[in-house]
Amino acid sequence: EIWDFGSPGFVSASMPGRGMQLPNRSAAWRTAACVLLLPVCLCAGGAQMAGVPAARLMERGAAMTLRGGADAGKTYQMKLQRSYSMNSVIPVADHPTTMLASTSSFDRKGAKRLDLQMETSWQKEDATIEVTVRSKYGGDILKTGESDLVMHWGVSTANEDPEKVDIEQLGAWKRPPKEMLPDGTKFRFQKESVHTKFELNDAGEAQVKLSVPEGLAPRKIKFIVFRKDKGDEATFWFKSHGEGEFEVYVCPDTWRDDIDKRVADREASAPPGEEGFKSTILRIPSETELDQIDPVSTTTQPWHYTKEKAKAPPKMQRSQSAEIREKIEKEFKERTEGIASLKKHGRNYVRLSVMMPLDLHKWNMDSIERRLKRLKDIGVHGVMADMWWGLIEGEPGKYDWSLYRNIVEVAERVGVDVEFVMSFHGCGGNVGDNVFIPLPKWIMNEAKDRGYNKCFYTDRRGKCNAEYISLGADEHEKFQGRSPVQIYHDFMLAFSNEFHPWFHKVISKVQVGMGPAGELRYPSFPLSDWCYPSPGDFTCFDVHMKQMWKTHCHEVLHKGEWGERFPDHNGYNTPPEESPFMRGDFKSEYGRAFMTWYSNELLGHGNRVLARAQEVFSPYDIEISGKVAGLHWLFTTPHHGVECTAGYYNTNGNDAYKGIANMFKKYGATMDFTCFEIKTGADDCHPYHSDPESLVNQVRVATQAAGIKMGGENALPVDNWECYDMILAKAKYLDSFCFLRFSEAITDPANEFKKFVHYLSKVKCPQIA
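Reading the values: the criteria
Residues numbered from 1 in each chain as written. Predicted model: local features only at pLDDT ≥ 70, side-chain atom pairs only at ≥ 80, totals over all residues. Heavy atoms only, no water. pLDDT = per-residue confidence, 0-100. Contact = heavy atoms within 4.5 Å. 1 Å grid on protein atoms, 1.4 Å probe; cavity = no way out; pocket = protein on both sides within 12 Å on 5 of 7 lines; lining within 4 Å. Points joined across faces, edges and corners; volume = space filled by probe spheres on them. Helix = DSSP H or I, 4+ residues; strand = E, 2+ residues; numbered from the N terminus. Buried < 20%, exposed > 50% of the residue type's maximum accessible area, 1.4 Å probe, protein only. Pairing = 2+ DSSP bridges. Right-handed = clockwise from strand over helix to strand, strands pointing away. Arc of directions from axis to C-beta. Polar contact = N/O pair within 3.5 Å; in protein donor to acceptor, adjacent residues only side chain to side chain. Disulfide = S-S within 2.5 Å. Core = buried A, V, L, I, M, F, W, Y, C linked by side-chain atoms within 4.5 Å. Axes fitted to C-alpha atoms, helices over the stretch in contact; angles between N-to-C directions. Parallel < 35°, antiparallel > 145°, perpendicular 65-115°, else oblique. Left-handed = near helix turned anticlockwise from the far one by under 90°. Salt bridge = Lys/Arg side-chain N within 4 Å of Asp/Glu carboxyl O.

## A word on the confidence of the model for the protein
Overall, the prediction assigns the protein a mean pLDDT of 79, with 74% of residues at 70 or greater. Under a pLDDT of 50 for its full length, residues 1–94 has, in the predicted model, 175 contacts with residues more than four places off or in other chains. Within the model, pLDDT remains below 50 along residues 289–320, and this stretch shows 47 contacts once partners closer than five positions in the same chain are excluded.

## What about empty space enclosed by the protein?
The final tally for this structure, using the stated rule, is 7 cavities of 30 Å³ or more. The volume enclosed by the largest cavity comes to roughly 70 Å³. Around the largest cavity sit 13 residues that line it, and Met-384, Lys-509, Gly-712, Ser-736 and Cys-738 are the ones nearest its centre. Of all the elements in the fold, those that place two or more residues in the lining of the largest cavity are strand E18 (351–355), strand E23 (509–512), strand E26 (710–713) and strand E27 (736–739).

## Focus: the pairing of E27
Of the two faces of E27, the one carrying Ser-736 and Cys-738 and the one carrying Phe-737 and Phe-739 are both buried. Bridge analysis of E18 against E27 gives 4 bridges, and the strand direction is parallel. When the sheet's bridge partners are listed, Arg-351 is paired in E27 with Ser-736. Across 3 bridges, E26 lies against E27 in parallel orientation. Looking at the pairing, Gly-711 lines up with Ser-736 of E27. You can see the chain leave E26, run along helix H21 (residues 721–730) and come back into E27, and the turn it takes is right-handed.

## Some details on helix H19 (residues 656–666)
Regarding H19, the residues found buried are Ala-656, Tyr-657, Ile-660, Ala-661, Met-663 and Phe-664. Summarising the axial view, the buried residues of H19 lie within an arc of 160°, below the 170-degree limit, and thus occupy one face. Contact partners of the buried residues in H19: helix H17 (589–617), strand E24 (623–628), helix H18 (641–646), strand E25 (670–673) and helix H20 (692–706). Here H19 starts with a cap whose side-chain oxygen sits 3.1 Å from the backbone nitrogen of Tyr-657, and that cap is Asp-655.

## Let's talk about the state of the cysteines
Throughout the structure, instances matching the rule amount to 0 disulfides. The cysteine Cys-464 is free of any disulfide, with Cys-455 supplying the nearest cysteine sulfur at 8.9 Å. Take Cys-464: its relative accessible area is 28%, and that puts it in the partly exposed class.

## Brief notes about the nonpolar core
One recurring pattern in soluble globular proteins is that nonpolar side chains are buried together. Grouped together as the largest cluster of nonpolar side chains are 144 residues, with contacts concentrated most on Phe-495, Tyr-657, Phe-664 and Phe-753. With 12 residues, the top contributor of residues to this core is H17. Among the nonpolar cores identified, the runner-up in size contains 37 residues, and Leu-181, Phe-223, Phe-246 and Ile-259 belong to it.

## A closer look at the pairing of E24
Most of E24 is tucked away: 6 of the 6 residues are buried. Side chains Glu-623, Ser-625 and Lys-627 project from E24 onto one buried face, and the interleaved Ile-624, Gly-626 and Val-628 project onto a second face that is buried too. Relative to E24, E23 runs parallel, the two being bridged by 3 bridges. Considered in E24, the bridge of Val-510 is made with Ile-624.

## Focus on the packing of helix H15 (residues 543–557) against H17
Orientation of H15 relative to H17, taken along the N-to-C sense of each, is 125°, at an axis distance of 11 Å. The angle between H15 and H17 falls in the class oblique. Along this stretch, H15 crosses H17, giving a crossing that reads as right-handed. Taking contact as the criterion, the partners of Met-545, Met-548, Trp-549, His-552 and Leu-557 in H15 are, on H17, Tyr-590, Ala-593, Phe-594, Trp-597 and Glu-601.

## Remarks on the pattern of salt bridges
According to the stated counting rule, one finds 43 salt bridges in the structure shown. The partner of Arg-351 in a salt bridge is Glu-419, with the nearest N and O atoms 3.9 Å apart. Of this pair, Arg-351 sits in strand E18 while Glu-419 sits in strand E20 (residues 417–423); the two residues are 68 residues apart in sequence, bridging distant segments of the chain. A relative accessible area of 13% means that Arg-351 is categorised as buried.

Okay, here's the thing in structure tokens:
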């Protein structure tokens, strides 16, 4: 056969200007590859491909390049498949402190092509192990300046003893310890492997050098080498014939026993209480945690312990805990004060950012970098991006920041800021959602086990909305031992620990999601059940919110008979004139009491989440913000129906936005608001009753009275100057504006957006202390 789908490794298909690697590991992938190649391959009895006789493929292969035509590309990839397969690399020499290995491949004419030399050296005096991978042929590739050579690698820790082997773990890749990563290593989103570029050494060879403290050394590294042509997405893979990847021992068993003994001896000789400060301090432990620590046995951060391993400390050690806490507090204070001092003050212009696409996690870094450069060229200050909880915390307490770390590094190179949204909601159920990202699987599994209506907002028909965890679960449900608010806090804390080196350099503001679509509101108008301009419906029928209302009626209102009564409203699309509650019941004693409770519970949730955000970010002086929905329809009606169902009690003489602004003020948070581009007049008649300009003005007055910053967004896509003009007219009240959403069109020099950026840059922002 021309395409050897039965051989291990990758089958590579190259099209003009593009390249793809198809893992040859399943029937599904084989089928996909065949379908992909069918239109361009002319296979006559397996003897011809794209008009090239099979007998001539190997002869022509050596002269082909990835930049050639379709025929050339396929021939070249055949050369890869047949000529560049090599045996798995293992050590061939075992010296007390050095291991050597080498391998090479040859083309059909006997000329040497890729060569690899591997050396593992145990530097006992420095307590480190060094691994060096070199290639003379790779050096020739780098010297041309036209290509990069990259090592795609991970580590393996599996025990290979036949009596102890774990088959599932034997071939598994694990992410290397951070201490082992050379500068410039790129993480791969939701993958265990990483990418490190080869560099030229003094001998003109391509080289990657890894160094790891002996106590953290893995059993071996596993790697693949690939060449990437600069300016071209095509890649050329050099892989092992048998296992698919090369292997180099880092720490064989004969070394491990000696290393374990050396580490134990060092710990035994270390002064009591000092072992816990060898790694970066992440947070300040509580007194309770400190009291459960035995300072003599602690070898990592002192708050990382289990009840099974924690020893009850003798009373005379309590003073030691105080010393530990004092040292931790001092180091934490020095770090945060140093970062906070980097904050830039005195900005007098409206900061403009562009919201990146919802599916940013599917983009490659080169594409992101090109687009960020275009935005910077037209005067945009930064970008905003969702940091999806469902993509990052795949397991409880384990976070994969690799994608977002790469984005920050790209933004730093380009010179633009990044504002991340702590997106604790799912994606796929709102206007403009073009991708489906649910909450973490472990959250969904636990919710299913205990009942969705205990964990998620529920409507009067019993339908649960899994976009965001119900505020009723804030204090009544625990997922893997943590409440939702604690989970949000831990996520933000882990974020600050990972990204604090970029605070006030690339990241100066963080938006905190507090509800569906990241907005502080109830999910009262889900697109699957609702249509504009209906008022939506109340979503307080989950187990805990029903009980909370019942308790409130008995203990606060002393109206036990109201405990089972909810607003008489018949669904998401019920016209207000057909809803008893909106026709007049909202003005009754019951209606006022219910709306006060309903809106206060939403404010209480905002309080709990923003308090945790302030706790995490205020030591760094990072600005936090929250988003409030711009619900402009039914605004001129007495009942303000859509605002009521969303939790904004903006009727009966009550100012919903004043209450929200005052709550934000407690935590020094900026209030981000939408619908700045919409002009009053188009939908001010029945049944819309829309007045977005009056709504924005009410929010402006509320934020000014509270003395907090106001940020703006457009609610819908903007493609005409009338909308841009509406934003500019209100910009003088804004500290920042985020434009939704990035598209290729806005970076076109002929697009009106560039003119909008120019005029916005001349608007001075309010100065708020």
